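# Working through the structure, step by step
The lines below spell out each chain.
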Amino acid sequence: MFRKRFLLVLLLLSSGKVSEAQETTSFGKYVNPFIGTTPVTDSAILGYRLPDGWRPWSGLVFPGSSLPNAMVQLSPITEYGSGAGYEYEDTLIYGFTHTNKGHWNLCNIPVLPFSGTGDDRTHVSRFSHGRESASPAYYQVYLEDYKINVQLTSTLRCGYHRYEYGNNVNRKILFDLARANNRVTGWMIDQVDPSTVKGYQVAGGDKIYFYAVLNKKIAGLQKIMEGAAEGRAIVDVADGDKTPVELRIGLSFVSTENARENLEQEIGQQSFDAIRKTGAAVWEKKLSAIQVKGGTEKQRQLFYSSLYRSLLWPALRSDVNGEYTDVKKQVVKAAFNYYTIPSLWDTYRNKDVLLSIVSPDVALDVIRSLKDIGDKTGFIPTFFHGDHAASTITGAYLRGIRNFDVKDVYRLLLRNATVEGGTRPYIKEYMERGYVSEEDIAAPHVETKAKAGVSKTLEYAYDDYSLALLAKALGDSAHYKELLRRSGNYRNVFDPTTRFMRGKLENGQWVKNFNPEYPYYEYMYREANAWQLSFYVPHDMQGLIGLYGGEKPFEEKLDSFFTLPWNPTYIARNVETMIGQYCHGNQPDHEAPYAYYFIGKPEKSQKIIDRILNELYGIGKEGLGLSGMDDAGEMSAWYVWNALGLYAFSASDPEYIVTVPLFDEVKWRQENGKSLIIKKSGTGRRLRKVTVDKGTAHDYFVGHDCFVNGAEIRIHTN
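The rules behind the values
- Residues numbered from 1 in each chain as written.
- Predicted model: local features only at pLDDT ≥ 70, side-chain atom pairs only at ≥ 80, totals over all residues.
- Heavy atoms only, no water.
- Pairing = 2+ DSSP bridges.
- Helix = DSSP H or I, 4+ residues; strand = E, 2+ residues; numbered from the N terminus.
- Phe/Tyr/Trp six-rings, centres within 6.5 Å; stacked < 30°, edge-to-face > 60°.
- Buried < 20%, exposed > 50% of the residue type's maximum accessible area, 1.4 Å probe, protein only.
- Lys NZ or Arg CZ within 6 Å of the ring centre and 35° of its normal.
- Polar contact = N/O pair within 3.5 Å; in protein donor to acceptor, adjacent residues only side chain to side chain.
- Salt bridge = Lys/Arg side-chain N within 4 Å of Asp/Glu carboxyl O.
- Contact = heavy atoms within 4.5 Å.
- Axes fitted to C-alpha atoms, helices over the stretch in contact; angles between N-to-C directions.
- Core = buried A, V, L, I, M, F, W, Y, C linked by side-chain atoms within 4.5 Å.

### So, the pairing of strand β28 (residues 655–658)
Where strand β27 (residues 646–647) and β28 come together, two bridges link them in antiparallel fashion. Bridge assignment links tyrosine 647 to a residue of β28, and that residue is isoleucine 657. Here β28 pairs with strand β33 (residues 701–703) via three bridges, running antiparallel. From the neighbouring strand, tyrosine 656 faces β33, where its bridge partner is valine 702.

### Some thoughts on the packing of aromatic side chains
According to the stated counting rule, one finds 52 aromatic pairs in the structure shown. Look at tyrosine 160 and phenylalanine 272: their rings are 5.3 Å apart centre to centre, the planes differ by 80°, and that puts the pair in the edge-to-face class. Remark: phenylalanine 272 occurs in helix α4 (residues 272–287) and tyrosine 160 occurs in strand β10 (residues 158–165); sequence separation between them is 112 residues. Here tyrosine 160 and phenylalanine 272 have matching classes, each one buried. Feature note: the residues Phe494, Phe500, Phe514, Trp531, Phe535, Tyr548, Phe554, Phe561, Phe562, Tyr582 and Tyr596 constitute an aromatic cluster, connected by ring pairs. The lysine or arginine in question, lysine 207, covers the ring of tyrosine 200, its NZ or CZ lying 4.2 Å from the ring centre. In this structure, arginine 276 packs its charged tip against the face of tyrosine 138, placed 3.5 Å from the ring centre.

### Thoughts on the side chain of serine 681
Here serine 681 shows up in strand β30 (residues 675–681). Taking relative accessible area as the criterion, serine 681 reaches 18% and is therefore assigned buried. Separated by 2.9 Å, the side chains of serine 681 and arginine 714 make a polar contact.

### As for the pattern of salt bridges
Across all of its chains, the model carries 43 salt bridges by this definition. With a shortest N-O distance of 3.6 Å, arginine 55 and glutamate 87 are connected by a salt bridge. Residue arginine 55 is found in the loop between α2 (43–46) and β1 (65–66), and its partner glutamate 87 is found in the loop between β2 (73–77) and β3 (92–93); the two are separated by 32 residues along the sequence. For arginine 55, a relative accessible area of 14% gives the class buried. The partner of glutamate 257 in a salt bridge is arginine 260, and the shortest N-O contact between them spans 2.2 Å. Taken together, the positions of glutamate 257 and arginine 260, both in helix α3 (residues 256–266) and three residues apart, correspond to about one turn of that helix. In this structure glutamate 257 comes out as partly exposed when scored by relative accessible area, which is 42%. Ionic contacts of the salt-bridge type, sharing partners, join the residues Lys371, Asp375, Asp408 and Arg411 into one network.

### Brief notes about the sheet that holds β27
Taken in spatial order, the three strands line up as β27-β28-β33 in an open sheet, and their pairing is antiparallel. The two strands at the open ends of the sheet, each matched to only one other strand, are β27 and β33.

### Details of the sheet that holds strand β18 (residues 290–293)
Read across the open sheet, the six strands follow the order β18-β29-β30-β34-β31-β32; overall the sheet is mixed. Of all the strands in the sheet, just β18 and β32 (695–696) have a single pairing partner and so form its edges. Across four bridges, the pairing between β18 and strand β29 (residues 665–669) is antiparallel. From the neighbouring strand, lysine 293 faces β29, where its bridge partner is glutamate 665. Here helix α18 (residues 634–644) sits on the sheet and contacts β18, β29 and β30; the angle it forms with β29, its principal contact strand, is near 120°.

### Points about the nonpolar core
Grouped together as the largest cluster of nonpolar side chains are 202 residues, with contacts concentrated most on Phe175 and Phe303. Ranked by residue count, the leading element in this core is helix α12 (residues 453–473), at eleven residues. If near-sequence neighbours (up to four positions away) are discounted, phenylalanine 303 is found in contact with Ile290, Val292, Tyr639, Val640, Ala643, Leu644 and Phe663.

### Some details on unusual backbone geometry
Of note, the bond from tryptophan 313 into proline 314 is cis; its omega dihedral lies within 30 degrees of zero at 5°. Residue position: proline 314 is located in the loop between α5 (297–310) and β19 (323–325). Positive phi values are uncommon outside glycine, yet leucine 106 reaches one of about 60°. Relative to the elements of secondary structure, leucine 106 occurs in the loop between β4 (95–97) and β5 (111–115). Phi at isoleucine 109 is positive, roughly 55°, even though this residue is not glycine. As for its placement among the helices and strands, isoleucine 109 is situated in the loop between β4 and β5.

Listed below in structure tokens is the structure:
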């Protein structure tokens, strides 16, 4: 019976129809959107004692409703200015916002149902987790102070609210448009007809339009200090029948007319339950592409929750008619879906690779979106640091995503790599010296402002390597040779006397005030210390091993890295969750656990990987903690890959390092109908050998052709 129901769901999905009688999904039931909402406060995990008033940057995710890579993420807000607007330990809800990322921004268009006759500006309600629930494309909570049960669901560009008021008179809806996680600089709302309002909010450089339709008559619209920072608007719902109040709201980054069209096309007259079931079915199709056998219930929950979280960002920004507001603030129309810039500094490592496999259509349109920005600015953009679009685009191209103007994208990436004033700060110095220099500051501290020269040098070297691979694929041998030469610039910041990557002055001498254990936000290192960056050369590990003097001294240094205790007086809020000096709570050293593979000691890597999988995900008393910021899904994607037994060690290379999976068997279905099967033989966690279709894999790596053509990877353990 189960198989018949599951096949029916897939049939309905493939035909574009979803039955309102569809039953509970089989993989979505493992997703817990609350994982990542609790803080990790245990000093033994953090590496330091949490200072008074601090909340660690754990998870920073939202539990609300969203479809994969959607424009709308409809989620509760318990604190403005917090990472994702929602913190599990809070007891008050201020509203429900329609955009989210988990990165201190967005949380636009806040809406809160309430009841009563007063207006004291402090509209907020208590809630409890006992009367709160969430699943893919759904969120529910009971507002205790107003006796309102709230249910939320969503489409790509629209939110759908259902409010069951305990008191059916004096029903109101607050449009708290002066608030968002970004600073709001303007807002407006107008009534369109007896049951509709429209307006916009200007925040964080974006103008977000909305068009909202109620299933009840509007008795009045109160506009209090419209457009001002202290203002707000209140919709009075006409008294009448006791059926739930429903609010359907379309968003657009172009116009209220487009928001209206998005709403009509995606929701129209469909019921709340129909939209919820459609959303659940969309997630079911996406999640069911990877099916696992074995493992514990918690491991399956963490796996599918992590896969879910990996597929939420980047976010859609174009409307159903193809229009979007481009980087120059012009409204244009395209035949592809326009997306936000990926969180590249974080996600190029693993999540962008996962996206290119699970959602190649989205990955393709993300590249087209990056090109659109590049066409209008002269440079392919990055996020935060480095130039990792080079890795993401090259990796996607070499994995078979090619339906874009690769030659023009390559031209723009070459500008990134050679022209000052664009994506790569200090690129002229990097080209001339072979490194980005740093000043010798007498008494540096965590927040010292500087160039982050070591991080830039290491990251630019890897980006050069990535671009060299693309040059080679396109037959540009001259640039291939030059970029490959530049990819060796990591050697210029390796200090052989200390055996660390170390800041270097303009005159070629080393920064004197050097403490390899001390973390900085941008002095020499970007959100890291010397230990955490001294193993980052994913494109030339043999060259790095040579700098250390060979395999034995390299192994000794690695052993020290994972065992030297963290100094608890060294506190940088997002450099947290330590295994020795290794930091899993932030991204810069996420490649380091695999370094033992390159000296023939995969069992040592596996011990570190298993400790991370088992002790740093789903932690805390509620079992909902993540050991650091999810950073648009990178932390979650790390879990997905390693739980399955693979990792894209160098994301621009179309190959994967093999680890020991948590599950006995994995079936990863591809869009071309082929399947990658991963099977674990043996009960131990020590990797003995890897076979691909009965042939032994070389150096524990497997190629992307395993995905393209289908294959059986057998991981032998003892």
